Amino acid sequence: MDSGQKLDAGRIAVALGAGGARGLGHILVVEAMDDMGLRPAAISGASMGAVVGAAWAAGVAGREMRAHVQSLVRNRADLMARVLRARVGRFTDIFSGLGNPVLLDGERILDLFWPKAVPDRFEQLQTPFHAVATDFFGRESRVFDVGPLAPAVAASMAIPGLFRAVEIEGKVYVDGGVTDPLPYSCLLGNSAFVIACDVTGGPVMAERASPSPFEAMFGAAQIMQGAITAQMLKASQPHALLRPDLDRFRVLDFFAAQQIFAAAEPIKDEIKRAVERAME
């Protein structure tokens, strides 16, 4: 944008990326925008970024999201009971080789964990919202912005091996992070100022023991997402790129929510400075 051009606050768009539990850091972006009294003109999200982004687009405040997450993780027994109710795999499957005993239904998870304010359809959201998922057989990303909300977000967060793939309009979709882990490109050209929050994480410098098979599967996915994001940034860039220091957290570290919030706190000042510079 031109150096002398003033930014209309209603033309800010925000992209929230994939990253599992690290995606809880996106809630700090929402809080920072709330503190400035700004609502974005559009929001996009992939995987956990779609979960947070949809709630934000529904009008849920950042501090309300934080309190909601904290209340969920406070009682581990209740949380695990909720997760088990969303399980579609059976433990006997591990012996038959016919399925995954821990496979979860994404729509059930959203129904159990989303704030009640989140509506059923994109058209009922307060802010235009784009959920990015991956067409498994088409080998390409797809942006959902109309129609039923929960299936699209469930598709966006359908991490292979953890969540069941989602069928929409005859096509099968998996995690949006597989093809577009930081979905800012769908916002470029339609907004004056695009802010993207990348939580895929960088290299972990401290030495660790060899990962378990489960950790290796999810860790490899995050390495892939980081490589895809790096290539995307070579082709085009958002106007502001936020990268909270969340590298030490794993994909499923949801019980470390409080520590994730604390580690992501500095991005609140970063986003405020970026928006203030743009609006000068």
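Nothing here was measured: the structure is a model prediction, and the numbers come from that model. (Residues numbered from 1 in each chain as written. Predicted model: local features only at pLDDT ≥ 70, side-chain atom pairs only at ≥ 80, totals over all residues. Heavy atoms only, no water.)

Asks: Would you explain the side chain of D135 in this entry?
Replies: With respect to the helices, strands and loops of the structure, D135 is situated in strand β3 (residues 129-135). Overall, D135 belongs to the buried group, its relative accessible area being 6%. Of note is the side chain of D135, whose polar atom sits 2.8 Å from the backbone nitrogen of G138. What D135 contacts, discounting residues up to four positions off in sequence, is E140, K171, V172 and Y173. (Helix = DSSP H or I, 4+ residues; strand = E, 2+ residues; numbered from the N terminus. Buried < 20%, exposed > 50% of the residue type's maximum accessible area, 1.4 Å probe, protein only. Polar contact = N/O pair within 3.5 Å; in protein donor to acceptor, adjacent residues only side chain to side chain. Contact = heavy atoms within 4.5 Å.)

Asks: When you look at helix α9 (residues 257-264) in this model, what are you seeing that I'm missing?
Replies: Residues spaced three or four apart along an α-helix point in a common direction, a consequence of the helix completing one turn every 3.6 residues. Buried residues of α9: A257, I260, F261, A263 and A264, and no others. Angular distribution of buried residues about the axis of α9 spans 165°; they occupy a single face of the element. (Arc of directions from axis to C-beta.)

Asks: Is there a simple way to think about the confidence of the model for the chain in this case?
Replies: Do not read the fine detail of predicted coordinates wherever pLDDT is low. A residue-level look at the chain finds 89% of positions with pLDDT of 70 or above and a mean pLDDT of 88. Segment residues 1-5: pLDDT under 50, and seven contacts once partners within four positions in sequence are set aside and those in other chains are kept. pLDDT under 50 marks residues 94-98. Its contacts with residues more than four places away, or in other chains, come to two contacts. (pLDDT = per-residue confidence, 0-100.)

Asks: Any chance you could explain the pattern of salt bridges here in plain terms?
Replies: Side chains carrying opposite charge are able to pair once their charged atoms draw close together. Scanning the model with the defined rule gives 15 salt bridges in all. Residues R108 and D105 are paired through a salt bridge, measuring 4.0 Å at the closest nitrogen-oxygen approach. In this structure R108 comes out as partly exposed when scored by relative accessible area, which is 39%. D105 sits in the buried class, given a relative accessible area of 11%. E169 serves as the salt-bridge partner of R142, at 3.2 Å between the closest nitrogen and oxygen. A residue pair is termed long-range when its members are at least 10 positions apart, and R142 in strand β4 (residues 140-144) and E169 in the loop between β5 (166-168) and β6 (171-174) qualify at 27 residues. A relative accessible area of 26% places R142 in the partly exposed class. The class of E169 is exposed, set by a relative accessible area of 66%. Salt bridges here are not isolated pairs; linked through shared partners, they connect E31, D35, R63, R66, E265, K268 and K272. (Salt bridge = Lys/Arg side-chain N within 4 Å of Asp/Glu carboxyl O.)

Asks: Is there a simple way to think about the nonpolar core in this case?
Replies: Where a protein is soluble and globular, its nonpolar side chains tend to be buried together. Core analysis: the largest hydrophobic core is formed by 75 residues, its most contacted members being W56, F129, L149, V153 and I195. The leading source of residues in this core is helix α2 (residues 48-57), at eight residues. Apart from residues no more than four positions distant in its own chain, F129 is found in contact with I43, S44, G45, A50, G53, A54, A57, F122, F144, D145, L149 and V153. Membership of the second largest hydrophobic core comes to ten residues, among which are A15, L187, V194 and M232. (Core = buried A, V, L, I, M, F, W, Y, C linked by side-chain atoms within 4.5 Å.)

Asks: Where do I start with unusual backbone geometry in this structure?
Replies: Backbone phi values are negative for most residues with the exception of glycine, while trans is the configuration of most peptide bonds. Backbone geometry places S47, a non-glycine residue, at a positive phi of 55°. In this fold, S47 is placed in the loop between β2 (42-46) and α2. Its relative accessible area of 3% is what places S47 among the buried residues.

Asks: I'm lost on the packing of aromatic side chains in this one. Help?
Replies: Geometry of an aromatic ring pair is reported as the spacing of the ring centres plus the angle between the planes. Taken as a whole and judged by the stated rule, the model has three aromatic pairs. Ring centres of F122 and F129 lie 5.9 Å apart, and the angle between their planes is 20°; on these two criteria the pair is classed as stacked. With respect to burial, F122 and F129 carry one shared label: buried. With centroids separated by 5.1 Å and ring planes inclined at 90°, the aromatic side chains of F136 and F137 adopt a geometry described as edge-to-face. On the accessibility criterion, F137 (63% relative accessible area) is exposed. Its end group placed over the ring of F255, R76 keeps NZ or CZ at 4.2 Å from the ring centre. Sitting above the plane of the F136 ring, R139 keeps its charged end 5.1 Å from the centroid. (Phe/Tyr/Trp six-rings, centres within 6.5 Å; stacked < 30°, edge-to-face > 60°. Lys NZ or Arg CZ within 6 Å of the ring centre and 35° of its normal.)

Asks: Please explain the side chain of T200 as it appears in this structure.
Replies: Looking at the element boundaries, T200 is found in the loop between β7 (193-197) and α8 (213-235). The class of T200 is buried, set by a relative accessible area of 3%. Of the polar contacts made by the side chain of T200, one reaches the side chain of D198; its length is 2.8 Å.

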